[in-house]
Amino acid sequence: KAGVTQTPRYLIKTRGQQVTLSCSPISGHRSVSWYQQTPGQGLQFLFEYFSETQRNKGNFPGRFSGRQFSNSRSEMNVSTLELGDSALYLCASSLVIDLDTQYFGPGTRLTVL
Amino acid sequence: DQQVKQNSPSLSVQEGRISILNCDYTNSMFDYFLWYKKYPAEGPTFLISISSIKDKNEDGRFTVFLNKSAKHLSLHIVPSQPGDSAVYFCAARDQGAQKLVFGQGTRLTINP
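Okay, so let's go over this structure. Within every chain, residues take consecutive numbers counted from 1 along the sequence as written. Chain A is the first chain written and ligand 1 is the first ligand written, with later ones labelled in order. Side-chain atom pairs in this predicted model are given and counted only at pLDDT of 80 or more, local residue features only at pLDDT of at least 70, and totals for whole chains, interfaces and linings cover all residues. Note: side-chain values were computed over all heavy atoms of the structure, leaving out hydrogens and water.

**Concerning the overall build of chain A**
Counting from the N terminus, the helices are the DSSP runs of H or I reaching at least four residues and the strands are the DSSP runs of E reaching at least two. Along its length, chain A carries 0 helices and 11 strands. Put simply, chain A runs from its N terminus to its C terminus through helices and strands in the order β-β-β-β-β-β-β-β-β-β-β. Taking the principal axes of its C-alpha atoms as reference, chain A extends roughly 35 × 30 × 25 Å. Exposed residues in this analysis have more than 50% of their type's maximum accessible area, buried residues have under 20%, and partly exposed residues fall in between, with area computed by a 1.4 Å probe over protein chains only. By the burial criterion, 51% of the 113 residues in chain A qualify as buried. Should any heavy atoms of two residues lie within 4.5 Å, those residues are counted as being in contact. In chain A, of all internal contacts separated by at least 6 residues, the share reaching a separation of at least 24 is 54%. Surface accessibility follows the Shrake-Rupley procedure with a 1.4 Å probe radius. Residue values consider only the protein chains on display as shielding. As presented, chain A carries roughly 5,200 Å² of accessible surface, and 49% of it is formed by carbon and sulfur atoms.

Here's what the structure looks like:
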């Protein structure tokens, strides 16, 4: 069974631009969560989608948004990029909403110059 | 407001000895705790978990202890092996908010 895939793996953008990251969950998984990982902050929860609906949202500004498609694939968008948005963005999928076990993708490393 | 804290950013242990990674939390609504292991250029992988109704869970070389009164959990790895070198994250489930809250991570280095 294929794992969680994220594209692209690496991305370089400049301040003010916008970016879209993609996540394909494990086949059959309907819940997708997004996290931001920065040094010293650990993983911070961005949002979670289940069956195309946002179920939960973390404490991030409105510049961060996401969506989930009918095939459970998810995208995350960050508009008006700031230097502080440089981070590893991780996507995780699970079978149901219950967060007992999430399976993470390798992440997208975003660098904002 | 860091609800889950891993106060040691790094830990170095001799191969064969015990590694103890610690995690403290503040939210008494957390009902389930997990440890994840992360290698460079890979996503975190689930290692072991414990429900708040238990105080110990063991899986091979890995044991997690939960002290609810102290709001503290620890991961013990015995014996430590070079392949255990990674960043370890503890996470807590906030059932009310239906989300996982992660600590900052501890980088474990096992020295031969």
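Now that the structure is up, let's keep going.
**Observations regarding the interface of chain A and chain B**
Accessible area lost upon the coming together of the parts is a frequently used measure of interface size. Facing 21 residues of chain A, the contacting portion of chain B comprises 19 residues. Note on terms: buried area is the combined drop in 1.4 Å-probe accessible area of two parts once they are placed together, counting the loss on both. Between chain A and chain B, a total of about 1,600 Å² is buried, with carbon and sulfur atoms accounting for 54% of that surface. Criterion for a salt bridge: a side-chain nitrogen of Lys or Arg within 4 Å of a carboxyl oxygen of Asp or Glu. Run the count over chain A and chain B and you get 0 salt bridges. Counting of polar contacts relies on pairs of N or O atoms within 3.5 Å, with two restrictions inside protein: one atom must be capable of donating a hydrogen and the other of accepting it, and residues adjacent in sequence are counted only when both atoms are side-chain atoms. The interface formed by chain A and chain B holds 3 residue pairs in polar contact (both at pLDDT 80 or more) in total. Those elements that provide at least two residues to the side of chain A that touches chain B are strand S4 (31-38), strand S5 (42-50) and strand S9 (87-94) of chain A. In terms of residues, the side of chain A that touches chain B owes the most to one element, S5(A), which gives 4 residues. Its residues placed into classes, the side of chain A that touches chain B shows 9 nonpolar, 8 polar and 4 charged. Under the grouping applied here, Gly and all other residues not named as nonpolar or charged are polar, the nonpolar ones being Ala, Val, Leu, Ile, Met, Phe, Trp, Tyr, Cys and Pro and the charged ones Asp, Glu, Lys and Arg.

**Remarks on the state of the cysteines**
Two cysteines form a disulfide when their sulfur atoms are joined by a covalent bond. By convention in this document, the label disulfide applies to cysteine sulfur atom pairs within 2.5 Å. Scanning the model with the defined rule gives 2 disulfides over all chains in all. The side chain of A:Cys23 participates in a disulfide bridge whose partner is A:Cys91; the two sulfur atoms lie 1.7 Å from each other. Given an S-S torsion of about -50°, the disulfide between A:Cys23 and A:Cys91 has left-handed geometry. You can see A:Cys23 sitting in strand S3 (residues 19-24) and its partner A:Cys91 sitting in strand S9, a full 68 residues away along the chain. Each member of the pair, A:Cys23 together with A:Cys91, is buried. Shown here is the disulfide that connects B:Cys23 with B:Cys90, its sulfur atoms set 1.9 Å apart. Looking down the S-S bond of the B:Cys23 and B:Cys90 bridge, the torsion is 60°, so its handedness is right-handed. Of this pair, B:Cys23 sits in strand S3 (residues 19-25) while B:Cys90 sits in strand S9 (residues 86-94), placing them 67 residues apart in sequence. On the basis of relative accessible area, B:Cys23 is assigned to the buried category, the value being 1%. Owing to a relative accessible area of 1%, B:Cys90 belongs among the buried residues under this scheme.

**Thoughts on the environment of B:Ile20**
Residue and element names in this part refer to chain B. Relative to the helices and strands, Ile20 resides in strand S3. Given the relative accessible area of 36%, Ile20 is considered partly exposed. Placed 69 residues apart in sequence, Ile20 and Phe89 show a C-alpha to C-alpha distance of 13 Å.

**Points about the nonpolar core**
Each nonpolar core is a collection of buried residues, namely Ala, Val, Leu, Ile, Met, Phe, Trp, Tyr and Cys, held together in the definition by side-chain atoms within 4.5 Å. If you look at the biggest cluster of nonpolar residues, it comprises 24 residues, and the most contacted ones within it are B:Val4, B:Phe33, B:Trp35, B:Leu73, B:Leu75 and B:Tyr88. Taken together, the elements giving at least two residues each to this core come down to S3, strand S4 (30-38), strand S5 (45-51), strand S7 (62-67), strand S8 (72-77), S9 and strand S11 (106-111) of chain B. Broken down by element, this core gets its largest block of residues, 4 residues, from S9(B). With residues up to four places along the chain from it excluded, the contact list for B:Leu75 reads B:Ser19, B:Ile20, B:Leu21, B:Trp35, B:Leu47, B:Ile48, B:Phe62, B:Thr63 and B:Tyr88. Judged by nonpolar contacts, the second largest core, of 21 residues, contains A:Phe47, A:Leu81, A:Ala87 and A:Tyr89.

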